[in-house]
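Fold and contact review
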Amino acid sequence: MTRFVDVAVQLPLPTSYCYRVPERLGQRELVGHRVLVPFGNRGVTGVVVRETESAPEGVARVRELYALLDRERMIISPVLELCRWISQYYEAAPGETLRAALPPGTAISADQMIALTEEGQKLASGQGGALPKSTLEILAMLVAAKGPVAQRELIKGRAKSTDLAKLVEDGLARYELAEKGTRIKDKSIRVAVLKQPISDQARAQLKGSRAKLAVLDSLEALGGTADLLELSAAHKGASQHLRALSKLGLVELSERVVRGDAWHAQEESSTGMLAPSAPLALNEAQAEAVAKLEAGMDTQAFAAFLLYGITGSGKTEVYLQLIASCLERGLNAIVLVPEISLTPQLAARFRARFGPQVAVLHSALTVRERFDEWHRLREGNARIALGARSAVFAPIDKVGVIVIDEEHDSSFKQEEGVRYHARDVALVRARNANALCVLGSATPSMESFQGTRTGRVQLLSLPQRATGRPLPTVELLDMRRFLPDKQTMLTAPLSAAIEQTLHDGDQVILFLNRRGFDTFVLCTSCGHAFRCRRCSVSLTYHRFRERLMCHYCAHEEPLPGICPECSASDAISRRGFGTEKIAEAVAERFPSARVERLDRDVASGKSIQQVLGRVARREVDILVGTQMVTKGHDFPGVTLVGVLCADTGLSLPDFRASEKTFQLLTQVAGRAGRGDKGGRVLIQSYRCESPAISAAAQQDFDLFFAGEAVDREELGYPPFGHLVAIRVDGNDASAVIRQCRRLADAARKYGDEVSVLGPAEAPLARLKGRTRWHLWLRAGDRARLRRTVKGVMAAVEVVPGLRVAVDVDPVSAL
């Protein structure tokens, strides 16, 4: 009986495709397996998503899949179910969604090749009868190539695909595959295994061969299993002796897959081996939270909790003890963090508590390390997946708990490709598994906190710091009254506070959410501003590279001495402030202080961890940084935090601007006073009366939520309504505008059930050389919104070079 399967190919296509299963695969279960399939003139990787009883109606010819790529299924059932939901909810290509769930470096592609058969070679050499001219031309091309030729190359040479198919059908040529691209494969070693304890009879049998007996004794001393290389290093001729022992039935030789340990490599290169940690004593609020979470786990039913704890309240210890209970029940856990390379302390605490049961998944690892960590989870050798947003796809069964730490963080939203939100996907995965989902934050998202009001999410509060110390005192410094220094951006009160903190032997964090040295450059003679040629942004001057750089497309150019517009010399002026400039100026202002900088220009994840390590060891007195310094760090020596300008994000054209500002300020303020000494926070601002800044100064989330909720509800914005952004971009500006207006017209046909906002030029009107417009759809009912989106996408006019993307529940308006 012929078998058929639907395969989601790893291409941005909206559907799966049917393929015939070759007879050599028999009745083997294929759902969840990766396969190589023909697609056009090439072979591509795909995942079998379902088996079907027959080919689709009206399809005359169903192509046969080329090959099964793995012995074991790569996509387990819970992850396959999750990917189906993501594809439907986020209007994403199923193959692209499944790609996110696979380990990196494993996708392969192939060219479909055409090679002459023996019969074809005879005809090509003139031994056959009369042939059509087109056939002779193809045969000539194949003969000239002296080997297989890619089908696409033959078609480029004006061969028709129908003629090629006829050639194969007539037995004159055959299809072959030529795999291309790198593919990470399992590493294996040759091992010797002692089949049974060495008996007296075996020793007597080997009495005449001391060398063989010595190898056997070494193998027993090593626990009965050893690497052949290890034995060969200790015994001359070990390989030969082991082959002889294998023939005697005393030893078995085999290949064994080995997995690296990404965390072990990091420990040896930086921090040294971690000592195991024991559970800490909980305060009353922590103990109550753990008890309620364990009770929820015992119900074996889905439940969502918001662990709302002030900064330093001990949320991590709650996670650790909950996960320990989860493991005791034979269940597994997933922990999502915004950017694991920025939170090495949290990762270190998990590893110290649970050892090699923790697998880390994040982009700072090499492809090989991520491959091995993924497989440690898949093979059951690790039971806790700890990583950034993609860890929500971790290949583990029997999930009991999913934790999303700093659930408010916008980095959980994927902004390219499959635009999923890991927090919301985690809730769905937990629901499907009848597991707990714990959302943790000191500054919850509006959506999560509103969920506690409607009963969808249960609220657990940690109102005190775990150390028992109070929150730091916060003071607002009005920059209209206290003028900042032109070099350091420090007002007099903040400068004096730094002086006193350094005198006391404590540490300082200075926060400015702009990197670079000068944030814009202009000619004072003609007013020409240096902007990126490909993006609608000013170029930023980076002194350490002596270059003007675009922070969006990475374009860079030298800083000119002459204006390109008016040719004026000595008129190039650099203005604005960035962390690079502040760090240099602060180092000059406090020459005895050790100043470090933490921003994207620090480069790699390992460099970031080195900076954080020096701060933790108190080898840094002043840390200047962007929002990286707000990410959950615990530095007991930091007693002063200074915010150089709290207003930078408030004026962005984004309805979440106030929420993001409040979260950033509250989070960075929480870095102060986490040790034995109290903390102090000074916030400089030109808009001290802003609700976001005022509430952050009071460290009062409830106050902020109450005011922001009124504005959001009045406008129908989340969490009181639903949004979808339709984004259009391309190289041809007029085509982009025409497409966006066409889609807006299609949306308006759905009447009053959905509000249509736009079309309009995006705030970032050009990005990487492409013109950008967008259209926003808003509705109180999600089902109506989905209907409208599907209708809008059906109206898309296919234009080469034009992209139309659907962003469900958008986080950024830029």
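Heads up: these notes are all about the structure in this document. Because the structure is predicted, anything quoted here is derived from the model rather than measured.

**Some words on the overall build of the protein**
The helix and strand tally for the protein stands at 25 helices and 33 strands. Counting only C-alpha atoms and orienting by the principal axes, one finds that the protein spans roughly 95 × 80 × 60 Å. Within the protein, the proportion of its 814 residues that are buried is 51%. Taking the contacts inside the protein whose residues are at least 6 apart along the sequence as the reference set, 76% of them involve residues at least 24 apart. With an accessible surface of roughly 37,000 Å², the protein has 49% of that area assigned to carbon and sulfur atoms. Here the protein carries 107 positive and 95 negative side-chain charges, and the mean point of each set is 4 Å from the other.

**Considering the sheet that holds strand S24 (residues 556-558)**
Hydrogen bonds along the backbone pair up the strands of a sheet, which may run parallel or antiparallel. Read from one edge to the other, the open sheet built from three strands follows the order S22-S23-S24, with strand pairing classed as antiparallel. Either end of the sheet is taken by a strand with one partner, and the two such strands are strand S22 (540-542) and S24. When strand polarity is set aside, the average angle formed by the axes of neighbouring strands in this sheet is 35°. Bridge count for strand S23 (residues 547-549) against S24 is three bridges, and the pairing is antiparallel. Directly across from Arg-547, in S24, lies its bridge partner Pro-558.

**Quick notes on the pattern of salt bridges**
Under the counting rule described, the total for this entry stands at 45 salt bridges. Where Asp-6 meets Arg-50, a salt bridge forms, and the shortest distance between an N and an O atom there is 3.2 Å. Note that Asp-6 is positioned in strand S1 (residues 4-9) and Arg-50 in strand S4 (residues 42-52), a separation of 44 residues in sequence. Residue classification places Arg-50 among the partly exposed residues on the basis of a relative accessible area of 36%. Ionic pairing is found between Arg-617 and Glu-619, a salt bridge with its closest N-O pair at 3.0 Å. Arg-617 gets classed as exposed once you look at its relative accessible area, which sits at 52%. Overall, Glu-619 belongs to the partly exposed group, its relative accessible area being 36%. Residues joined by salt bridges that share partners form a network here, namely Glu-317, Arg-349 and Arg-353.

**A look at the sheet that holds strand S19 (residues 473-478)**
One open sheet accounts for six strands, arranged S19-S29-S28-S20-S27-S26; its pairing is parallel. Lying at the two open borders of the sheet, with one neighbouring strand each, are S19 and strand S26 (595-598). Neighbour-to-neighbour, the strand axes of the sheet open up by a mean angle of 20°, direction not taken into account. Bridge analysis of strand S28 (residues 638-643) against strand S29 (residues 680-685) gives four bridges, and the strand direction is parallel. When the bridges of S29 are listed, Val-643 appears paired with Ile-683. Of the strands in this sheet, strand S20 (507-511), S26 and strand S27 (622-625) touch helix H19 (residues 579-589), which is tilted by about 170° from S26.

**As for the pairing of strand S15 (residues 384-387)**
Of the two faces of S15, the one carrying Ile-384 and Leu-386 and the one carrying Ala-385 and Gly-387 are both buried. Across four bridges, the pairing between strand S13 (residues 332-336) and S15 is parallel. Looking across to S15, one finds that Val-335 is bridged to Leu-386. Sheet topology note: the strand S14 (residues 358-361)/S15 ladder contains four bridges and is parallel. Bridging from a neighbouring strand, Val-358 pairs with Ile-384 of S15. Once you follow S14 into helix H15 (residues 367-378) and on to S15, the crossover reads as right-handed.

**Observations regarding the packing of aromatic side chains**
In the structure shown here, the tally under the stated rule is 14 aromatic pairs. Measuring from ring centre to ring centre gives 5.3 Å for Tyr-17 and Phe-39, while their planes differ by 80°; the resulting arrangement is edge-to-face. With Tyr-17 in strand S2 (residues 17-20) and Phe-39 in strand S3 (residues 34-39), the pair connects residues that are 22 residues apart, well separated along the chain. Measuring from centroid to centroid gives 4.6 Å for Phe-662 and Phe-704, while their planes differ by 0°, and the two rings are stacked. With Phe-662 in helix H21 (residues 657-669) and Phe-704 in helix H23 (residues 701-715), the pair connects residues that are 42 residues apart, well separated along the chain. Side by side, Phe-662 and Phe-704 carry an identical accessibility label, which is buried. These aromatic residues form a ring-pair network of at least three members: Tyr-308, Phe-449, Phe-662, Phe-701, Phe-704 and Phe-705. For the cation-ring pair, Lys-581 lies above Phe-577, with the distance from its terminal atom to the ring centre recorded as 5.0 Å.

**Examining helix H13 (residues 315-328)**
If you check H13, its first and last C-alpha atoms are 20 Å apart, about what 14 residues at 1.5 Å a residue would give, namely 20 Å. Most of H13 sits inside the fold, with 12 of its 14 residues counted as buried. Within H13 the residues assigned to the buried category are Lys-315, Thr-316, Glu-317, Val-318, Tyr-319, Leu-320, Gln-321, Leu-322, Ile-323, Ser-325, Cys-326 and Leu-327. One or two steps after H13, the chain reaches Gly-330, where phi turns positive at roughly 80°.

**Some remarks on the side chain of His-633**
Tracing the backbone shows His-633 in the loop between S27 and S28. Given the relative accessible area of 3%, His-633 is considered buried. From its side chain, His-633 meets the backbone oxygen of Met-628 in a polar contact 2.8 Å long.

**Comments concerning the nonpolar core**
Core analysis: the biggest nonpolar cluster contains 123 residues, and Leu-336, Phe-393, Tyr-420 and Leu-777 have the highest contact counts within it. For this core, the element with the most residues is helix H24 (residues 733-748), which contributes seven residues. Each residue touching Phe-393, except ones within four places of it in the same chain, is listed here: Val-79, Leu-82, Cys-83, Ile-86, Ala-100, Ala-101, Tyr-420 and Arg-429. The next biggest cluster of nonpolar side chains, apart from the first, holds 32 residues, and it includes Leu-322, Leu-386, Leu-436 and Leu-462.

**Examining H21**
Its 13 residues place the ends of H21 18 Å apart at the C-alpha level, agreeing with the 18 Å of an ideal helix rising 1.5 Å per residue. For H21, a buried count of 11 out of 13 residues is recorded, marking the element as mostly surrounded by other parts of the structure. Inspection of H21 places Ala-657, Glu-659, Thr-661, Phe-662, Gln-663, Leu-664, Leu-665, Thr-666, Gln-667, Val-668 and Ala-669 among the buried residues, and these make up the whole buried set.

**Focus: unusual backbone geometry**
A cis geometry characterises the amide bond from Pro-718 onward to Pro-719, with omega recorded as 10°. Within the fold, Pro-719 resides in the loop between H23 and strand S30 (722-730). Cis rather than trans, the peptide bond between Gly-758 and Pro-759 has omega equal to 10°. Structurally, the position occupied by Pro-759 is in strand S31 (residues 755-767). Residues other than glycine seldom take positive phi values, yet Glu-406 does so here, at roughly 55°. With respect to the helices and strands, the residue Glu-406 is situated in the loop between strand S16 (399-405) and helix H16 (422-432). Positive phi is not limited to glycine here, since Gln-699 has a value of about 50°. As for its placement among the helices and strands, Gln-699 is situated in the loop between helix H22 (691-698) and H23.

Rules and cut-offs
Residues numbered from 1 in each chain as written. Predicted model: local features only at pLDDT ≥ 70, side-chain atom pairs only at ≥ 80, totals over all residues. Heavy atoms only, no water. Helix = DSSP H or I, 4+ residues; strand = E, 2+ residues; numbered from the N terminus. Buried < 20%, exposed > 50% of the residue type's maximum accessible area, 1.4 Å probe, protein only. Contact = heavy atoms within 4.5 Å. Areas by Shrake-Rupley, 256 points an atom, 1.4 Å probe, with all protein chains shown as cover. Lys, Arg positive; Asp, Glu negative; His and termini not counted. Charge placed at Lys NZ, Arg CZ, Asp CG, Glu CD. Pairing = 2+ DSSP bridges. Axes fitted to C-alpha atoms, helices over the stretch in contact; angles between N-to-C directions. Salt bridge = Lys/Arg side-chain N within 4 Å of Asp/Glu carboxyl O. Right-handed = clockwise from strand over helix to strand, strands pointing away. Phe/Tyr/Trp six-rings, centres within 6.5 Å; stacked < 30°, edge-to-face > 60°. Lys NZ or Arg CZ within 6 Å of the ring centre and 35° of its normal. Expected span 1.5 Å × (residues − 1). Polar contact = N/O pair within 3.5 Å; in protein donor to acceptor, adjacent residues only side chain to side chain. Core = buried A, V, L, I, M, F, W, Y, C linked by side-chain atoms within 4.5 Å.

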